[in-house]
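Structure at a glance
Take a look at the letters that make up each chain.
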Amino acid sequence: MNLFIVAALLVSGSSKCVGPDYEPPLQEWDGPSYRIIEVRPELIEPLRGLFNELEYRGARPVLQSGYRSYERQAILHLADPKWTEPPGCSQHQLGTAVDIGWMGYGIRSPYDATLWALLAELGPKYGLTVTYDGTGDIPAEPWHLNYQLVRQIPWTLYML
Ligand SMILES: [Zn+2]
């Protein structure tokens, strides 16, 4: 990682969006999910830890989404602009974001506020924090967590 580029990004507060050619390193998630999902390799261990703890607390988490390609994000945004970022601008394209749901329920089924509260409570212990709490332009998404190796480092670093 080029520290000058990092510094430049931090100083300029440059755009948080990536181009269509951006491809992060990826690894397949081997925990609970309904389909093949890839995330950045450094998320695997924290996710395992979080899932283990959620299960220990009686929840049945399932990974709903991880890395998304530019094309996939474009399709999702076209279909649902209110709930999804434009292509290039989603944390999912960096491979650092995950959507977690509960076995047997969809991600948009906040049937049990206790489960979402548990996710928000335990996530930060593993570097995974809820991105959208409903105070910005994007509606609250209690299932969407983004990984930051060091909490204070902005996620724009993952674009490098
Ligand atoms: Zn998400």
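Scanning the protein from terminus to terminus reveals four helices and six strands. If you list the helices and strands of the protein from N to C, you get α-β-β-α-β-α-β-α-β-β. Classification of the 160 residues of the protein by burial places 25% in the buried group. Partitioning the contacts of the protein with sequence separation of at least 6, the portion at a separation of at least 24 is 60%.

All right, on to the nonpolar core then. Of all hydrophobic cores here, the largest spans 20 residues; its most connected members are W29, V39, L47, L63, V98, I100 and L145. Of all the elements in the fold, those that place two or more residues in this core are α2 (41-56), β4 (97-102), α4 (113-122) and β6 (144-147). Filtering out sequence-adjacent residues up to four positions away, I100 remains in contact with P61, L63, Q64, L119, W143 and L145.

In this section: the pairing of β4. Most of β4 sits out of view: five of its six residues are buried. Relative to β4, strand β3 (residues 61-65) runs antiparallel, the two sharing four bridges. From the neighbouring strand, V62 faces β4, where its bridge partner is G101. With three bridges connecting them, β4 and β6 associate as antiparallel partners. Its bridge partner lying in β6, V98 is registered against L145.

Right, let's talk about the pairing of β6 for a bit. Here β6 shows no split at all, with H144 and N146 on one side and L145 and Y147 on the other all buried. Bridge count for strand β5 (residues 128-130) against β6 is three bridges, and the pairing is antiparallel. By the bridge assignment for β6, L128 is matched with Y147.

All right, on to the sheet that holds β6 then. Ordered by their spatial adjacency, four strands build an open sheet running β3-β4-β6-β5, and the pairing between neighbours is antiparallel. Edge positions in the sheet fall to β3 and β5, since each of these pairs with one other strand and no more. Put simply, the sheet's adjacent strands are angled 40° from each other on average, direction ignored.

Attention now moves to the environment of T129. Mapped onto the fold, T129 is located in strand β5. A sequence separation of 18 residues divides T129 from Y147, and the C-alpha atoms of the two residues are 6.7 Å apart. In this view, T129 contacts G123, P124, L145 and N146; residues no more than four positions away in its chain are not counted.

Conventions and cut-offs
- Residues numbered from 1 in each chain as written.
- Predicted model: local features only at pLDDT ≥ 70, side-chain atom pairs only at ≥ 80, totals over all residues.
- Helix = DSSP H or I, 4+ residues; strand = E, 2+ residues; numbered from the N terminus.
- Buried ≥ 20, exposed ≤ 12 C-beta atoms within 10 Å, placed from the backbone.
- Contact = placed C-beta atoms within 7 Å.
- Core = buried A, V, L, I, M, F, W, Y, C linked by C-beta atoms within 7 Å.
- Pairing = 2+ DSSP bridges.
- Axes fitted to C-alpha atoms, helices over the stretch in contact; angles between N-to-C directions.

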